Amino acid sequence: MASLNPVSVGQVEIGRGRPLALICGPCVMEPNDLTLVIARRLVEVCGALGVPLIFKASFDKANRTSKSSYRGPGIDEGLKVFERVKAETGLPVTTDVHESQQAGPIAKVVDLLQIPAFLARQTDLLEAAAATGRPINVKKGQFMAPWDMSNVVAKITSLSDAGVLLTERGTTFGYGRLVNDFRAIPQMQATGAPVVFDATHSVQLPSAGGGGTVTAGERAMVPYLAKAAVAAGCDALFLEVHPRPDEALSDGPNALRLDDLAGLLRTCLRIREAIADDESVGLA
């Protein structure tokens, strides 16, 4: 296995020999300062547990199932929200980059650029993100094998040494379902990149069960997958949370209820401690 080089995102370090980190926040920025409310609560939860935190939210959900679905406030207002989050909480922040021309403006504010799974092989987008000098988190495409991500890492590291994270978020299994092969965690770590596990998008039910306009999900399965991923040696968890998931404007069916986060993190930290000396999971 290649040596895992920790990636620095603001004050958070993710990788070999570092604490289990968390990338967390709402799926999309919603009106009425809800983004700030969630960020403040995450600071309380993670501060109490000693979990390094990167705040995540999307200013534009460009791949919504239906054209009529809420997408977010847009890039200009979204970056203002991130500036407020950083000023009020001190957290590093991350968001999706969908188009090459977005990378530069986003990188002026955002600490970690995220490449959506559907765009994981888009060379121009990866190179534009790398050119900003920011670290990059690439979500493995649902259509890609773990070992294919070595080419993604190579595209980025040929232009930047700021660091690459890879995120496992499920593989398409037939129609309308994702499955996780936890071998993907050590297989992607073999690229040299720390690996994040996205427990909330992994429980999506794409296509809304057939012909619907909203993606469904199995929220109850989030804790099971998160715990399994930590046992498999992931370097960080990715979780979307919402105070009232059933009222969320995007991805509510697979979002974790904010009040349930602390309990799940406590369990994951105990698992992490139990396997900390096990070289077979890439932690030692």
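Quick note: structure is the one above.
This text gives an overview of the structure that appears in the document. (Residues numbered from 1 in each chain as written. Predicted model: local features only at pLDDT ≥ 70, side-chain atom pairs only at ≥ 80, totals over all residues. Heavy atoms only, no water.)

**Here we look at the overall build of the protein chain**
Here is step 1: The secondary structure content of the protein chain amounts to eight helices and 15 strands.
Here is step 2: Along the first, second and third principal axes, the C-alpha atoms of the protein chain reach 45 × 45 × 40 Å.
Here is step 3: Burial status across the protein chain gives 54% buried among its 284 residues.
Here is step 4: At a minimum sequence separation of 6, the contacts of the protein chain that also span at least 24 residues come to 69%.
Here is step 5: A total of about 11,900 Å² of accessible surface is found on the protein chain, and carbon and sulfur atoms cover 50% of it.
Here is step 6: A distance of 2 Å separates the average location of the 28 positive side-chain charges in the protein chain from that of its 31 negative side-chain charges. (Helix = DSSP H or I, 4+ residues; strand = E, 2+ residues; numbered from the N terminus. Buried < 20%, exposed > 50% of the residue type's maximum accessible area, 1.4 Å probe, protein only. Contact = heavy atoms within 4.5 Å. Areas by Shrake-Rupley, 256 points an atom, 1.4 Å probe, with all protein chains shown as cover. Lys, Arg positive; Asp, Glu negative; His and termini not counted. Charge placed at Lys NZ, Arg CZ, Asp CG, Glu CD.)

**Remarks on the pairing of strand β5 (residues 93–96)**
Here is step 1: By the alternation rule, side chains of β5 split into Val-93 and Thr-95 and Thr-94 and Asp-96, which are all buried.
Here is step 2: Where strand β4 (residues 53–56) and β5 come together, two bridges link them in parallel fashion. What sits directly across from Lys-56, in β5, is Thr-94.
Here is step 3: Of the strand pairs in this sheet, β5 and strand β6 (residues 112–115) are connected by three bridges, and their pairing is parallel. Paired with Asp-96 across the strands is Gln-114, a residue of β6. (Pairing = 2+ DSSP bridges.)

**Considerations on empty space enclosed by the protein**
Here is step 1: Tallying each qualifying case throughout the model produces one cavity of 30 Å³ or more.
Here is step 2: As for the largest cavity, its lining consists of Pro-26, Cys-27, Val-28, Glu-30, Glu-240, Val-241, His-242, Ala-248, Ser-250, Asp-251 and Ala-255.
Here is step 3: Residue classes in the lining of the largest cavity are distributed as six nonpolar, two polar and three charged. (1 Å grid on protein atoms, 1.4 Å probe; cavity = no way out; pocket = protein on both sides within 12 Å on 5 of 7 lines; lining within 4 Å. Points joined across faces, edges and corners; volume = space filled by probe spheres on them. Nonpolar A, V, L, I, M, F, W, Y, C, P; charged D, E, K, R; others polar.)

**Some remarks on the packing of aromatic side chains**
Here is step 1: In total, this model carries one aromatic pair according to the counting rule given.
Here is step 2: The positively charged end of Lys-139 is found above the aromatic ring belonging to Phe-238, 3.8 Å away from the centroid.
Here is step 3: The aromatic ring of Tyr-224 is capped on one face by Lys-227, whose charged end is 5.4 Å from the ring centroid. (Phe/Tyr/Trp six-rings, centres within 6.5 Å; stacked < 30°, edge-to-face > 60°. Lys NZ or Arg CZ within 6 Å of the ring centre and 35° of its normal.)

**Some thoughts on the environment of Thr-172**
Here is step 1: Take Thr-172: it is sitting in strand β9 (residues 171–172).
Here is step 2: With a relative accessible area of 46%, Thr-172 lands in the partly exposed category.
Here is step 3: Sequence separation between Thr-172 and Phe-143 is 29 residues, and the spatial gap between their C-alpha atoms is 6.4 Å.

**Quick notes on the nonpolar core**
Here is step 1: By size, the foremost hydrophobic cluster in this structure holds 70 residues, and its most contacted members are Leu-22, Phe-55 and Val-138.
Here is step 2: Sorting elements by how many residues they give to this core places helix α1 (residues 34–49) first, with seven residues.
Here is step 3: Counting 12 residues, the second-largest nonpolar core is a separate cluster that includes Val-9, Ile-14, Ala-236 and Phe-238. (Core = buried A, V, L, I, M, F, W, Y, C linked by side-chain atoms within 4.5 Å.)

**As for the pattern of salt bridges**
Opposite charge on two side chains makes pairing possible when the charged atoms of those side chains draw close.
Here is step 1: Under the definition given, this model contains 17 salt bridges.
Here is step 2: Its salt-bridge partner being Asp-111, residue Arg-134 comes within 4.0 Å of it at the nearest N-O pair. Taken together, the residues Arg-134 in the loop between α4 (123–131) and β7 (136–139) and Asp-111 in the loop between α3 (103–107) and β6 connect sequence positions 23 residues apart.
Here is step 3: Using a relative accessible area of 23% as the deciding quantity, one classes Arg-134 as partly exposed.
Here is step 4: Overlapping salt bridges, with partners in common, bring together Asp-33, Arg-40, Arg-84 and Glu-88 in one network. (Salt bridge = Lys/Arg side-chain N within 4 Å of Asp/Glu carboxyl O.)

**Quick notes on helix α2 (residues 75–89)**
Here is step 1: The end-to-end C-alpha separation of α2 is 21 Å, in line with the 21 Å expected for 15 residues at 1.5 Å each.
Here is step 2: Residues of α2 that are buried in the fold lie against α1, β4, β5 and α3.
Here is step 3: Two residues or fewer after α2 comes Gly-90, characterised by a positive phi angle close to 80°. (Expected span 1.5 Å × (residues − 1).)

**Quick look at the state of the cysteines**
By definition, a disulfide links two cysteine residues through a covalent bond between their sulfur atoms.
Here is step 1: Summed over all chains, the structure comprises zero disulfides.
Here is step 2: Distance from the sulfur of Cys-27, which forms no disulfide, to the nearest cysteine sulfur (Cys-24) is 12 Å.
Here is step 3: In this structure Cys-234 is a free cysteine whose sulfur lies 7.7 Å from that of Cys-268, the closest cysteine sulfur available. (Disulfide = S-S within 2.5 Å.)

**Some details on the pairing of strand β8 (residues 164–168)**
Here is step 1: The element β8 is largely enclosed, with a buried count of five among its five residues.
Here is step 2: In β8, alternate side chains face the same way, and those of Val-164, Leu-166 and Glu-168 on one face and Leu-165 and Thr-167 on the other are all buried.
Here is step 3: For β7 and β8, the ladder comprises four bridges, and the chain directions are parallel. Counterpart to Ile-136 in the pairing with β8 is Val-164.
Here is step 4: The handedness of the β7 to β8 crossover, carried by helix α5 (residues 149–157), is right-handed.
Here is step 5: In this sheet, strand β11 (residues 195–198) lies alongside β8 in parallel orientation, the contact comprising three bridges. (Right-handed = clockwise from strand over helix to strand, strands pointing away.)

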